[in-house]
Amino acid sequence: MIDDPSAAVMSGPDALWRARHAVLAAGYGGRPDPADPAQVLAMPIVLHIPKADPPLRSSLLEAAASAAVALCLDERVGVAEDGEPGPWQEDFVAWVSGRIRKVSRRARGAQWLAAQDVAGITVEVGGAQARALVPGPVGDLDPRIKKMQIGGTDLDHDNPGPPVPGLPVLWIDPALEMTVGKASAQVGHASMLLAAAMSDEEAWRWAQTGFRCSVRDADNAQWADALARVHSAEAVAVRDAGYTEVAPGSMTVIATPA
């Protein structure tokens, strides 16, 4: 479930949708990082991990993946029917023009409720909730988000069963042993790459499901099959820059279409 009541139900992708998808499909820009580290742009992802009754790891990662791509194709990152830019367009375009970064934070109780008042999109999957926020400078983060913890909390790996038929699958390389925060950023990258690789019609049809996907830890055979699909241009892979947790160039997630 995506908490976006402003989203219009369309019979097919219109010109405004196609324009938003074209921005994503154009790929990320090569603009170098600013000299001031505080001006580096990132998308914050807030993960709802209550102390009592925490969510399943797989469901939380699915919510994070869906929230990230939903924000990237939301009408507020594009141009409105009257030609005026949406309220998120400037920040979003600046972000995709450089290196794509996401920073995940954990929220509980009042912190999670406060995050709902910061511009973004919340997705719920099987009781797990994640909110992708509009990208901006890491040094100018909303105080309500800045106080949230980046690390220190993780979730055990669960066994959600086979991927749901008819949905894209985001396969994680479990050998990398990523924390749930790191993994949520990686599946967020993967969902963006997958939507960008789709035609605008395919991406629109995915949007009608709320960008639902299955996130699974791959076994050796599943990873080999997914890797073969990358080599045949039937899937997309996330290769990490290596800023945290994993070595530069590590292939962290492979996204395969439905």
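This text goes with the structure placed above it.
Presented here is a report on the structure given in the accompanying data block. Values in this document were obtained by computation on a predicted structure and should not be read as measured data.

1. Details of the pairing of strand S2 (residues 102-107)
Stage number 1. The buried fraction of S2 is high, at five of six residues.
Stage number 2. Here strand S1 (residues 41-48) pairs with S2 via six bridges, running parallel. Bridging across to S2, Ile-45 finds its partner in Ser-104.

2. A closer look at the nonpolar core
Stage number 1. Leu-71, Trp-95 and Leu-170 are the most contacted members of the largest nonpolar core, which has 56 residues in total.
Stage number 2. When residues no more than four places from it in sequence are discounted, the contact partners of Leu-71 are Met-43, Val-77, Trp-88, Phe-92, Gly-120, Ile-121, Ala-132, Leu-133, Val-134 and Pro-135.
Stage number 3. Counting ten residues, the second-largest nonpolar core is a separate cluster that includes Val-169, Ala-218, Trp-223 and Val-230.

3. Brief notes about the environment of Gly-98
Stage number 1. Tracing the chain through its elements places Gly-98 in the loop between helix H3 (89-96) and S2.
Stage number 2. For the pair Gly-98 and Tyr-28, spaced 70 residues apart in the sequence, the C-alpha separation amounts to 6.2 Å.
Stage number 3. The contact partners of Gly-98, leaving out residues within four places of it in the chain, are Tyr-28, Gly-29 and Arg-31.

4. Brief notes about the pattern of salt bridges
Stage number 1. Tallying each qualifying case throughout the model produces nine salt bridges.
Stage number 2. Between Arg-216 and Glu-62 there is a salt bridge; the shortest N-O distance is 3.0 Å. Of the two residues, Arg-216 is situated in strand S7 (residues 214-217) and Glu-62 in helix H2 (residues 57-72); the sequence distance between them amounts to 154 residues.
Stage number 3. On the basis of relative accessible area, Arg-216 is assigned to the buried category, the value being 7%.
Stage number 4. Between Asp-74 and Arg-76 there is a salt bridge, with its nearest N and O atoms 2.7 Å apart.
Stage number 5. Classification of Asp-74 as buried rests on a relative accessible area of 4%.
Stage number 6. Since its relative accessible area comes to 22%, Arg-76 is described here as partly exposed.

Conventions we followed
Residues numbered from 1 in each chain as written. Predicted model: local features only at pLDDT ≥ 70, side-chain atom pairs only at ≥ 80, totals over all residues. Heavy atoms only, no water. Buried < 20%, exposed > 50% of the residue type's maximum accessible area, 1.4 Å probe, protein only. Helix = DSSP H or I, 4+ residues; strand = E, 2+ residues; numbered from the N terminus. Pairing = 2+ DSSP bridges. Core = buried A, V, L, I, M, F, W, Y, C linked by side-chain atoms within 4.5 Å. Contact = heavy atoms within 4.5 Å. Salt bridge = Lys/Arg side-chain N within 4 Å of Asp/Glu carboxyl O.

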